[in-house]
Amino acid sequence: FAAIDFDGYRNLVSYDELKDIIGKSEAMHKVVFADACYSGSLLSEKAGYDQQMERLYEQLNETSNGVAFMLSCKDSETSLEDRGMRQGVYSHFLLKGLKGEADEDRDGLVGLKELFHFVYTNVRQYSADEQTPILAGQFDPMMPVAAVRY
């Protein structure tokens, strides 16, 4: 992964380094979202959010551990950016999904399966099938990844 300030030598994280970091992590649940685009903020204050976070952690404890890689495109595709979005197409829909648009069952939590379905569908549609997000690894698809702030 090359950061925006990658100069050919510094600010680069190899796939092997990333795998090593993930392998050394003692976390039960690990999710890597990767895109070569800008990211937005998910922070805002709303009442009742502490209860949603408590539900998220309870559901996390009920799912099996694992590692999930949700990547912006196949190895033969480019990760598209849109000036109007001011970020990558994948990042745009990933953030919208994490903020609640992917909550298909309206239970206040976004599961990994829900998030991937939302991102995959929207990125494929927006890019006219030119970009295909992928989800790989060994993980529980019901693992929650976000609590919705309604």
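Quick caveat: nothing in here was measured; it's all calculated off a predicted structure.

### A closer look at the overall build of the chain
Point 1. Counting secondary structure elements, the chain contains four helices and seven strands.
Point 2. The secondary structure elements of the chain, listed N-terminal to C-terminal, are α-β-α-β-β-β-α-β-α-β-β.
Point 3. Classification of the 150 residues of the chain by burial places 37% in the buried group.
Point 4. Here the contacts in the chain between residues at least 6 apart in sequence split such that 74% fall between residues at least 24 apart.
Point 5. Working note: accessible area of the chain is about 9,700 Å², and carbon and sulfur atoms make up 51% of it.

### Observations regarding helix α3 (residues 89–101)
Point 1. Between its first and last C-alpha atoms α3 spans 15 Å; for 13 residues at 1.5 Å apiece the expected length is 18 Å, and the helix comes up short by more than 12%.
Point 2. Within α3, the full set of buried residues consists of Val89, Tyr90, Ser91, Phe93, Leu94, Leu95, Gly97, Leu98 and Gly100.

### Observations regarding the nonpolar core
Point 1. By size, the foremost hydrophobic cluster in this structure holds 23 residues, and its most contacted members are Met70, Phe93, Leu94, Val110, Leu115 and Val119.
Point 2. Taken together, the elements giving at least two residues each to this core come down to α2 (49–62), β2 (66–71), α3, β5 (109–111), α4 (112–126) and β7 (144–147).
Point 3. A total of six residues in this core trace back to one element, the largest contributor, which is α4.

### Remarks on α4
Point 1. In a regular helix each residue adds 1.5 Å, so 15 residues correspond to 21 Å; α4 covers 21 Å between its end C-alpha atoms and thus fits that length.
Point 2. Among all positions of α4, only Leu112, Glu114, Leu115, Phe116, Phe118, Val119, Asn122, Val123 and Arg124 are buried.
Point 3. Where α4 ends, the next residue or the one after it, Ala128, has phi of about 55°, a positive value.

### Digging into the environment of Gly111
Point 1. One can find Gly111 in strand β5.
Point 2. Looking at Gly111, the relative accessible area reads 10%, which means it is buried.
Point 3. Between the alpha carbons of Gly111 and Leu60 there is a distance of 9.8 Å; along the sequence they are 51 residues apart.
Point 4. Beyond its immediate chain neighbours, meaning those up to four positions away, Gly111 contacts Pro141, Met142, Met143, Pro144 and Val145.

### Some words on unusual backbone geometry
Point 1. Within the chain, Arg106 stands out as a residue other than glycine whose phi angle is a positive 55°.
Point 2. If you trace the backbone, Arg106 turns up in the loop between α3 and β5.
Point 3. Despite not being glycine, Ala128 shows a phi value in the positive range, around 55°.
Point 4. For Ala128, a relative accessible area of 57% gives the class exposed.

### Section: the environment of Ala102
Point 1. Relative to the assigned elements, Ala102 resides in the loop between α3 and β5.
Point 2. If sequence neighbours within four positions are ignored, Ala102 has contacts with Lys96, Gly97, Val110, Glu114, Leu115 and Phe118.

### Notes on the packing of aromatic side chains
Point 1. Counted under the stated rule, the structure contains three aromatic pairs.
Point 2. Site record: aromatic cluster; members linked through ring pairs are Phe93, Phe118 and Tyr126.

### Structural notes on the confidence of the model for the chain
Point 1. When pLDDT is averaged along the chain, the result is 79, and 75% of the positions lie at 70 or above.
Point 2. Element-level pLDDT for the chain is lowest in strand β1 (residues 29–34), with a mean of 67, against a maximum mean of 96 in α4.
Point 3. The model gives residues 36–48 a pLDDT under 50, and that stretch makes 25 contacts with residues more than four places away or in other chains.

Rules used throughout
Residues numbered from 1 in each chain as written. Predicted model: local features only at pLDDT ≥ 70, side-chain atom pairs only at ≥ 80, totals over all residues. Heavy atoms only, no water. Helix = DSSP H or I, 4+ residues; strand = E, 2+ residues; numbered from the N terminus. Buried < 20%, exposed > 50% of the residue type's maximum accessible area, 1.4 Å probe, protein only. Contact = heavy atoms within 4.5 Å. Areas by Shrake-Rupley, 256 points an atom, 1.4 Å probe, with all protein chains shown as cover. Expected span 1.5 Å × (residues − 1). Core = buried A, V, L, I, M, F, W, Y, C linked by side-chain atoms within 4.5 Å. Phe/Tyr/Trp six-rings, centres within 6.5 Å; stacked < 30°, edge-to-face > 60°. pLDDT = per-residue confidence, 0-100.

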